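Examination of the molecular architecture
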Amino acid sequence: MIYISIPVHNEEGTIGVLLWKIRNVMGEFGRDYEILVLDDASTDGTLEVLKRYRRSLPLRIFSSEERVGHAGGVERLIREAVGRAPYPKRDAIVTLQGDFTEHPEHLVPLVKALEGGADVVAGSLREVPEGAPLPIRLARWVAPRLMKSSL
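This write-up is about the structure you can find in this document. (Residues numbered from 1 in each chain as written. Predicted model: local features only at pLDDT ≥ 70, side-chain atom pairs only at ≥ 80, totals over all residues. Heavy atoms only, no water.)

1. What to know about the nonpolar core
Core analysis: the largest hydrophobic core is formed by 25 residues, its most contacted members being Ile-4, Ile-6, Leu-19, Ile-22 and Ile-35. Looking at this core, the elements with two or more residues in it are strand E1 (2-8), helix H1 (15-29), strand E2 (33-40), helix H2 (46-52) and helix H4 (107-115). The leading source of residues in this core is H1, at seven residues. With seven residues, the next largest nonpolar core counts Leu-36, Leu-38, Leu-77 and Ala-85 among its residues. (Core = buried A, V, L, I, M, F, W, Y, C linked by side-chain atoms within 4.5 Å. Buried < 20%, exposed > 50% of the residue type's maximum accessible area, 1.4 Å probe, protein only. Helix = DSSP H or I, 4+ residues; strand = E, 2+ residues; numbered from the N terminus.)

Shown next, in the form of structure tokens:
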């Protein structure tokens, strides 16, 4: 089983499209999967959008009344996946962000690396995705410059 964990906060505009793309990618990949989403105290319509997808996807929705942040959301979803895993040494957990910072198409090579014997696989962005939120674009531009100046 592949557990796709997505912590979200105010992602009403992107989460539906992301879930549908995950469905398409995983349908072609042909592996069993379950999507675990934590709605991290969203104040927009994120939870309502998520509920519409419960019938057409293997989707579990969790909610947090108080904001736990990205790291807290990832931790909660990983704990949830580990608790559900019938074969913990064979199952995999992949985390994505709800704003397309990582694309669902990247799921397949990540999982194949795990199936090839890797214990942990991590991905990173080489370029900022088109339409990424301003804080992400700014951080991707500033970080290399700060690193050079600190050396």
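Still to come is the rest of the account.
2. Some points on the pairing of E2
Where a strand is regular, its side chains alternate between the two sheet faces. A large share of E2 lies buried, amounting to eight of its eight residues. Burial along E2 is two-sided: Tyr-33, Ile-35, Val-37 and Asp-39 facing one way and Glu-34, Leu-36, Leu-38 and Asp-40 facing the other are all buried. Relative to E2, E1 is paired through seven bridges, and the arrangement is parallel. Bridge pairing in E2 links Pro-7 to Leu-38. Handedness of the crossover joining E1 and E2 through H1: right-handed. (Pairing = 2+ DSSP bridges. Right-handed = clockwise from strand over helix to strand, strands pointing away.)

3. Some points on a nonpolar patch on the surface
Side chains of Ile-78, Val-82 and Ile-93 sit close together on the surface and give an oily, nonpolar patch of about 220 Å² of accessible area. Locating Val-82 in the fold gives a position in helix H3 (residues 69-84). (Patch = residues over 30% accessible without salt bridge, like charges linked within 9 Å, V, L, I, M, F, W, Y side chains within 5 Å. Areas by Shrake-Rupley, 256 points an atom, 1.4 Å probe, with all protein chains shown as cover. Salt bridge = Lys/Arg side-chain N within 4 Å of Asp/Glu carboxyl O.)

4. A few points about H1
Its 15 residues give H1 an end-to-end C-alpha distance of 21 Å, which sits within 8% of 21 Å, the value for a rise of 1.5 Å per residue. Of the positions making up H1, those classed as buried are Ile-15, Gly-16, Leu-18, Leu-19, Ile-22, Val-25, Met-26 and Phe-29. Elements that come into contact with the buried residues of H1 comprise E1, E2, H2, strand E3 (59-64) and H4. A positive backbone phi angle near 75 degrees is found at Gly-30, which sits one or two residues after H1. (Expected span 1.5 Å × (residues − 1). Contact = heavy atoms within 4.5 Å.)

5. Notes on the layout of surface pockets
In this structure, the second largest pocket spans a volume of roughly 190 Å³. Those elements that place two or more of their residues in the lining of the second largest pocket are E1 and H3. Grouping the constituent residues of the lining of the second largest pocket by class yields three nonpolar, five polar and four charged. (1 Å grid on protein atoms, 1.4 Å probe; cavity = no way out; pocket = protein on both sides within 12 Å on 5 of 7 lines; lining within 4 Å. Points joined across faces, edges and corners; volume = space filled by probe spheres on them. Nonpolar A, V, L, I, M, F, W, Y, C, P; charged D, E, K, R; others polar.)

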